[in-house]
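Okay, here's what each chain looks like letter by letter:
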Amino acid sequence: RRVIANAKKKGTDEPNQSSQDALKADLKAALEEKKAAEENLAEAAAGFFSLYANLLSEDARFRWDKIVTSQIGTAPWTDLQGNEHTEERIASKQSFEDCITFHLLDMFPSDAAEQQRYYISNVLKKPQRVTVRNFVQRVEQLNGYLSQLPCIYDSPRATAATKPVEAFDEADLAMLLLRMCPESWQNQYNLSQESVPQSVRKLLGILENVEKVVESSNAKEKAAKESAEKSAGKREKGKRKGTGSDHVRVPKKARFAKNCALCQKYGGAHTTHNTNECRKYNPDGTLQKSFSAKAAAGKKDVGGNKKHLYGNSFAQVMERFSKLEKAVKKSKKASKKKKRRDDSSDSSDSDSE
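The rules behind the values
Residues numbered from 1 in each chain as written. Predicted model: local features only at pLDDT ≥ 70, side-chain atom pairs only at ≥ 80, totals over all residues. Heavy atoms only, no water. Helix = DSSP H or I, 4+ residues; strand = E, 2+ residues; numbered from the N terminus. Buried < 20%, exposed > 50% of the residue type's maximum accessible area, 1.4 Å probe, protein only. Areas by Shrake-Rupley, 256 points an atom, 1.4 Å probe, with all protein chains shown as cover. Contact = heavy atoms within 4.5 Å. Patch = residues over 30% accessible without salt bridge, like charges linked within 9 Å, V, L, I, M, F, W, Y side chains within 5 Å. Salt bridge = Lys/Arg side-chain N within 4 Å of Asp/Glu carboxyl O. Lys, Arg positive; Asp, Glu negative; His and termini not counted. Charge placed at Lys NZ, Arg CZ, Asp CG, Glu CD. Axes fitted to C-alpha atoms, helices over the stretch in contact; angles between N-to-C directions. Parallel < 35°, antiparallel > 145°, perpendicular 65-115°, else oblique. Left-handed = near helix turned anticlockwise from the far one by under 90°. Nonpolar A, V, L, I, M, F, W, Y, C, P; charged D, E, K, R; others polar. Phe/Tyr/Trp six-rings, centres within 6.5 Å; stacked < 30°, edge-to-face > 60°. Core = buried A, V, L, I, M, F, W, Y, C linked by side-chain atoms within 4.5 Å. Disulfide = S-S within 2.5 Å.

### So, the overall build of the protein chain
Now for step 1: Secondary structure summary: the protein chain contains 13 helices and 2 strands in total.
Now for step 2: Residues classed as buried in the protein chain amount to 20% of the 353 residues present.
Now for step 3: Surface accessibility of the protein chain: about 27,500 Å² in total, with carbon and sulfur atoms responsible for 53%.

Given below as structure tokens:
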């Protein structure tokens, strides 16, 4: 357009007219290419937004559509730093990334990247039950999230000196991985290597060798400990129960013998109770009223009804048993006499014949 304008100022001769026509044809072709490129750009940008929306859940997509409506094709709109713009914003790669950052701020704080970077560099340590290969892969994955999480640079709190958070480079990440390992592993690395780690891949190979050495050493210590415990258990098994050095003998409860001085003096079971518990004698040696009544009732039963006294006693059982035994003996004698009479009658009948 500038060349055509300059040519018009110089004149309208035949050579200049032909060159102007050529320039106009080139301008028309360039404008058509520009229009096609803009259409392709709009179509590609719309594909970014639609693909991202299709990967979201229903709740997350509702929030995404709301963010896109407030940022694309509308005026005025507010950027991540809180600045308001009056011109309409089109769908582009930059606007797409800004909408993603707005969407992440619904779930993460504005300094999520700074917190993640601090966690990797100062808090994270290798767990004992995780292999070093799995641990290194996980740390690399966390390091890759740093450039995707929202940071203070994308917030109204940002200043002119604020910079975006970037992932650790290869050398820094390798040094951090070595510091995350146990101190004994770091000592093994320092003994075998002359310089600090510069590559994560090379460091991983060295740490895997250290891991094998440590596992072998731990296995030997565990086997020795189990063997010592087993031998100690056999020695303890041969000892009599309660004879160990840590066994404390519990003293038996002291037993005090009982003795009644009244029953011992006047007659009675003096070892079953003490003198103050005696229910038979008074201190002067006379029988207590309660005991005298029981003794009188016993004599009455002996004189008046002997069967009632021995109704349920062992003596009555023995008496009945002796009577039964006598009855059996009498029945046996009677059966023998009858047999003799029968034999004598049979012999007399045979003589008469």
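### A look at the side chain of Q71
Now for step 1: By the element assignment, Q71 lies in helix 3 (residues 58-71).
Now for step 2: A relative accessible area of 4% places Q71 in the buried class.
Now for step 3: What Q71 contacts, discounting residues up to four positions off in sequence, is W77, T78, R89, C99 and F102.

### Some thoughts on a positive patch on the surface
Now for step 1: On the surface, K326, K329, K330, K332, K333, K336, K337, K338, R340 and R341 cluster together into a positively charged patch.
Now for step 2: On the accessibility criterion, R340 (63% relative accessible area) is exposed.

### Details of the packing of helix 5 (residues 112-123) against helix 6 (residues 132-144)
The description of two helices packed together rests on the angle between their axes and the distance between the axes.
Now for step 1: Interhelical geometry of helix 5 versus helix 6 gives an angle of 155° and a closest axis separation of 10 Å. With respect to helix 6, the element helix 5 is oriented roughly antiparallel. With respect to the hand of their crossing, helix 5 and helix 6 are arranged in left-handed fashion. On helix 6, the residues that touch Q116, Y119 and I120 of helix 5 are V139, L142 and N143.
Now for step 2: Of the residues assigned to the contact of helix 5 with helix 6, the class counts are 4 nonpolar, 2 polar and no charged.

### Let's talk about the pattern of salt bridges
Now for step 1: Counted by the stated rule, this structure contains 4 salt bridges.
Now for step 2: Ionic pairing is found between D106 and R63, a salt bridge with its closest N-O pair at 2.8 Å. Placement of the pair is D106 in the loop between helix 4 (93-104) and helix 5 and R63 in helix 3, with a sequence separation of 43 residues.
Now for step 3: Taking relative accessible area as the criterion, D106 reaches 36% and is therefore assigned partly exposed.
Now for step 4: A salt bridge links D98 to R89, with the nearest nitrogen and oxygen atoms 2.4 Å apart. Both residues of the pair, D98 and R89, count as buried.

### Quick word on the packing of aromatic side chains
Now for step 1: In total, this model carries 7 aromatic pairs according to the counting rule given.
Now for step 2: Judged by centre distance (5.7 Å) and plane angle (40°), the rings of F48 and F96 are tilted. Pair noted here: F48 is in helix 2 (residues 14-54) and F96 is in helix 4, with a separation of 48 residues, a long-range link.
Now for step 3: Residue F96 is classed as buried on the basis of its relative accessible area, which comes to 14%.
Now for step 4: Aromatic pair F49 and F96: ring centres 5.2 Å apart, planes at 80°, arrangement edge-to-face. In this pair, F49 sits in helix 2 while F96 sits in helix 4, placing the two residues 47 residues apart along the sequence.

### Points about unusual backbone geometry
Now for step 1: With an omega dihedral of -5°, the bond running from A75 to P76 counts as a cis peptide bond.
Now for step 2: Assignment of secondary structure puts P76 in the loop between helix 3 and strand 1 (77-78).

### Overview of the environment of D172
Now for step 1: Relative to the elements of secondary structure, D172 occurs in helix 7 (residues 170-180).
Now for step 2: Using a relative accessible area of 40% as the deciding quantity, one classes D172 as partly exposed.
Now for step 3: For the pair D172 and S121, spaced 51 residues apart in the sequence, the C-alpha separation amounts to 9.5 Å.

### What about the nonpolar core?
Now for step 1: Judged by nonpolar contacts, the single largest core of 29 residues is most densely connected at I120, V139, L177, M180, L203 and L207.
Now for step 2: Sorting the residues of this core by element identifies helix 5, helix 6, helix 7, helix 8 (183-192) and helix 9 (200-238) as the ones contributing at least two each.
Now for step 3: The residues contacting L177, other than those within four sequence positions of it, are F135, V136, V139, V200 and L203.
Now for step 4: Counting residues in hydrophobic clusters, the runner-up holds 9 residues, among them F49, Y52, A53 and I72.

### Some points on a nonpolar patch on the surface
Now for step 1: On the surface, a nonpolar cluster with roughly 310 Å² of combined accessible area is contributed by Y118, Y119 and V123.
Now for step 2: Counting through the fold element by element, V123 comes out in helix 5.
Now for step 3: Taking relative accessible area as the criterion, V123 reaches 43% and is therefore assigned partly exposed.

### Thoughts on the environment of P197
Now for step 1: Turning to its location among the elements, P197 is positioned in the loop between helix 8 and helix 9.
Now for step 2: Expressed as a C-alpha distance, the spacing of P197 and A171, which sit 26 residues apart in the sequence, is 6.7 Å.
Now for step 3: In this structure P197 touches A171, A174, M175, L178, Y189 and L203, once residues within four positions along its chain are discounted.

### Observations concerning the state of the cysteines
Now for step 1: Tallied over the full model, the rule gives 0 disulfides.
Now for step 2: Summary of cysteine pairing: C260 is not part of a disulfide, and the nearest cysteine sulfur, belonging to C263, is at 3.6 Å.
Now for step 3: Take C263: its relative accessible area is 4%, and that puts it in the buried class.

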